Amino acid sequence: MATVVQSLWLGLLVGTLTLACGSAGNRPDVSAPPGDCEMVDYEGGKTEICGQPQTIVAIGPNVLELLLALEVQPIGYADYYTLPFTDFDQPQSQIPYLGERLTGPVKKVGSWNTPSLEAILKLKPDLIVGSTLANQGQYSLLSQAAPTLLFSYGVKENWQTQLRRLAKVLGRGEKAEQVIAAHTQLVAEARKNLQPAVLKYPQVLLLASEQLEQELAVENSDSRCGGLLENLGFQLLAPKNIGTEGPGRNNISLELLPELKSDWIFFLAWNTDFSDAGPDLEQQQISAVQQQWQENAIAQSLPASKSNQVYFHSAYVCRALPGPIGTELLLKQLQADLLPPVSDPTP
């Protein structure tokens, strides 16, 4: 399959590369001053970038998150999901969680692991940023359209390092340091605010599923969300004597849940069917699993269910946004779930 896909991409590239010849390749840009080119390390190799990129294509929400944190607007974007839009002409309502930070329309260039080379070439970008997990096999083709940087996309990756690398290319080093400092302060404040909840509800069960009776995962501290919960002071419960099914998680059956007696449950849900997606994407992502949980006798027998301390949220934030914006969203969710509402002092 990979060979067939690569052949199709190559055929498309040969037929359309002339449309973008002015910006294609990792060759020095003719508009860049002599010597204004440098080899930039990325997580998988090196690429030559000339001048300071202005027109950028972001492949994946993790990349878009880094760009927006640096206050850089891309011209093209491929989301993790195959969203049901021809273009992101109203990104505020079309792109999950990050759309409100976009100031204007953005061209859709396929999806995270199947970007459209034809769409990218039409944009004539001077930089493409993607991930090694989804785009390593496409790197040679993408890099003929524009200099291409690929970043790792894993639960243990250091987004601060990635942000600094990207900021150096874009001439936004000072902004990167401001973002990192603000993030550190935000986490420290949340840890302080959540201390009463940590003392009262120390044990948390972090679950993830799309269909409750088909697959249920318990995430541990090696997952992105689990690591944040542990950093805040909570204790993550995990099944014993079960092999790890993937990075940061263990797949279990519903019957084992009563053995994990947590004070509260943080449930990551998702729905890959966007045919019925409405304006409330968060609810569309969690509604099916939430209903299944409410109708399941085992789930309802758990202490957390009986005390109404099962909190459902879209897995998108935890898994697709591993950087500063995703962390900010998660901390808001956690504090809204676990802390009493602040009363309005105005009469």
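It should be emphasised that the depicted structure is a prediction, and the values quoted were computed from it without experimental measurement. Per-chain numbering applies: the sequence of each chain, read as written, is numbered from 1 onward. Predicted model: local features are reported for residues with pLDDT of at least 70 only, side-chain atom pairs are reported and counted for 80 or more only, and whole-chain, interface and lining totals are derived from all residues. Working from all heavy atoms in the structure, the side-chain values ignore hydrogens and water.

1. Section: the overall build of the protein chain
No. 1: Secondary structure summary: the protein chain contains 15 helices and 14 strands in total.
No. 2: Whether two residues are in contact is decided by their heavy atoms, any of which lying within 4.5 Å being enough. Put simply, 65% of the contacts in the protein chain that link residues at least 6 apart link residues at least 24 apart.
No. 3: We get accessible surface area from the Shrake-Rupley algorithm with a probe of 1.4 Å; when it comes to residues, only the shown protein chains can shield them. Looking at the protein chain as shown, the accessible area adds up to about 16500 Å², and 52% of this sits on carbon and sulfur atoms. Secondary structure follows DSSP: runs of H or I at least 4 residues long count as helices, runs of E at least 2 residues long count as strands, and numbering of each begins at the N terminus.

2. Quick notes on the packing of aromatic side chains
No. 1: Whether two aromatic rings pair depends on their centres lying within 6.5 Å, for rings of Phe, Tyr and Trp, where Trp uses its six-membered ring; planes under 30 degrees apart make the pair stacked, over 60 edge-to-face, and the rest tilted. Going through the model one piece at a time under the given rule, you end up with 12 aromatic pairs.
No. 2: Summarising the aromatic geometry, the rings of Trp-293 and Phe-312 are spaced 6.3 Å apart at their centres and angled 75° between planes, so their arrangement reads as edge-to-face. Pair noted here: Trp-293 is in helix α11 (residues 281–295) and Phe-312 is in strand β14 (residues 310–314), with a separation of 19 residues, a long-range link. Comparing Trp-293 with Phe-312, the two get one shared label, buried.
No. 3: Ring-pair connections join several aromatic residues into one group, and the members of that group are Tyr-80, Tyr-81, Tyr-97, Trp-112 and Tyr-316. For each residue, the accessible area found with a 1.4 Å probe, counting protein chains only, is set against the maximum for its type, and the residue is called buried under 20%, exposed over 50%, and partly exposed in between.

3. Considerations on the pairing of strand β8 (residues 148–151)
No. 1: Taking every second residue as pointing to the same face, both faces of β8 are buried, with Thr-148 and Leu-150 on one and Leu-149 and Phe-151 on the other.
No. 2: Taken together, the four bridges between strand β7 (residues 127–131) and β8 define a ladder with parallel strand orientation. From the neighbouring strand, Gly-130 faces β8, where its bridge partner is Leu-150. Only strands joined by at least two bridges in the DSSP assignment are considered to pair.

4. Remarks on the state of the cysteines
No. 1: Throughout, a disulfide means two cysteine sulfur atoms within 2.5 Å of one another. Taken as a whole, this structure holds two disulfides when the rule is applied.
No. 2: With a sulfur-sulfur separation of 2.0 Å, Cys-37 is cross-linked through a disulfide to Cys-50. The S-S bond linking Cys-37 to Cys-50 shows a torsion near 115°; that makes this disulfide right-handed. Of the two residues, Cys-37 sits in strand β1 (residues 37–42) while Cys-50 sits in strand β2 (residues 45–50), which places them 13 residues apart along the sequence.
No. 3: Given the relative accessible area of 24%, Cys-37 is considered partly exposed.
No. 4: One disulfide in the model links Cys-225 with Cys-318; its S-S distance is 1.9 Å. In this pair, Cys-225 is assigned in helix α10 (residues 224–231) and Cys-318 in helix α14 (residues 315–320), connecting sequence segments 93 residues apart. Exposure class is identical for Cys-225 and Cys-318. Each is buried.
No. 5: In the protein chain, numbering the disulfide-bonded cysteines from first to last in sequence yields the connectivity 1-2, 3-4.

5. Points about the confidence of the model for the protein chain
No. 1: Averaged over the protein chain, the pLDDT score is 84; the fraction of residues at 70 or greater is 83%.
No. 2: At the level of individual helices and strands, the protein chain shows its lowest average pLDDT in helix α1 (residues 2–16), which scores 36, and its highest in strand β3 (residues 56–59), which scores 98.
No. 3: Note that residues 1–34 has pLDDT below 50 and, in this model, 50 contacts with residues that lie over four places away or in other chains. A residue's pLDDT is the confidence the predictor assigns to it, expressed on a 0 to 100 scale.

6. A look at the sheet that holds β3
No. 1: Read from one edge to the other, the open sheet built from six strands follows the order β6-β5-β4-β3-β7-β8, with strand pairing classed as mixed. Two strands close off the open sheet at either side, each with one partner strand: β6 (114–115) and β8.
No. 2: By the bridge criterion, three bridges tie β3 to β7 in an arrangement that is parallel. Pairing of Ile-56 across the sheet is with Leu-127, part of β7.
No. 3: Strands β3, β4 (76–79) and β7 of the sheet are contacted by helix α2 (residues 61–69), whose axis makes an angle of about 135° with β3.
No. 4: Note on geometry: axes are lines fitted to C-alpha atoms, helical ones only across the stretch in contact, with angles between N-to-C directions running from 0 to 180 degrees. With respect to the sheet, helix α7 (residues 159–170) is in contact with β3, β7 and β8, its orientation differing from that of β8 by roughly 165°.

7. Regarding unusual backbone geometry
No. 1: The backbone of Lys-124 shows a phi angle near 50°, a positive value even though the residue is not glycine.
No. 2: Here Lys-124 lies in the loop between α4 (117–123) and β7.
No. 3: On the basis of relative accessible area, Lys-124 is assigned to the partly exposed category, the value being 46%.
No. 4: Unlike most non-glycine residues, Asn-308 shows phi in positive territory, near 55°.

8. Points about the environment of Leu-237
No. 1: By secondary structure assignment, the location of Leu-237 is in the loop between β11 (235–236) and β12 (249–252).
No. 2: Discounting residues that sit within four places of it in the chain, Leu-237 has contacts with Gln-203, Val-204, Leu-205, Val-218, Leu-260, Lys-261 and Ser-262.

9. Describing helix α15 (residues 324–338)
No. 1: Helix length check: α15, at 15 residues, gives a terminal C-alpha distance of 21 Å against a target of 21 Å (1.5 Å per residue), a fit within 8%.
No. 2: Turning to α15, its buried residues are Pro-324, Ile-325, Gly-326, Thr-327, Leu-330, Leu-331, Gln-333, Leu-334, Asp-337 and Leu-338. To estimate the expected span of a helix, count its residues, drop one, and scale the result by 1.5 Å.

10. Considerations on the pattern of salt bridges
No. 1: Salt bridge, as applied in this entry: a Lys or Arg side-chain nitrogen positioned within 4 Å of an Asp or Glu carboxyl oxygen. Across all of its chains, the model carries six salt bridges by this definition.
No. 2: Residue Glu-328 pairs with Arg-101 through a salt bridge whose shortest N-O separation is 3.7 Å. Of the two residues, Glu-328 is situated in helix α15 and Arg-101 in the loop between α3 (91–94) and β5 (107–111); the sequence distance between them amounts to 227 residues.
No. 3: Classification of Glu-328 by relative accessible area gives partly exposed; the value is 27%.
No. 4: The exposure class assigned to Arg-101 is partly exposed, which follows from its relative accessible area of 32%.

11. Examining the packing of α10 against α15
No. 1: Close contact between α10 and α15 brings their axes to 12 Å; oriented N to C, the two are set at 60°. Considered as vectors, α10 and α15 are oriented oblique to each other. At the point where α10 passes α15, the crossing takes the right-handed sense. From α10, Arg-224, Cys-225, Leu-228 and Leu-229 reach across to α15, where they touch Gly-326, Thr-327, Leu-330, Leu-331 and Leu-334.
No. 2: Gly counts as polar in this scheme, as do all residues outside two lists: the nonpolar Ala, Val, Leu, Ile, Met, Phe, Trp, Tyr, Cys and Pro, and the charged Asp, Glu, Lys and Arg. Taken together, the residues of the contact of α10 with α15 break down into six nonpolar, two polar and one charged. Oblique is the label for any angle not under 35 degrees, not over 145, and not in the 65 to 115 range, which are roughly parallel, roughly antiparallel and roughly perpendicular in turn. The crossing is said to be left-handed when, going from far helix to near helix, the turn is anticlockwise and less than a right angle, and right-handed when the turn is clockwise.

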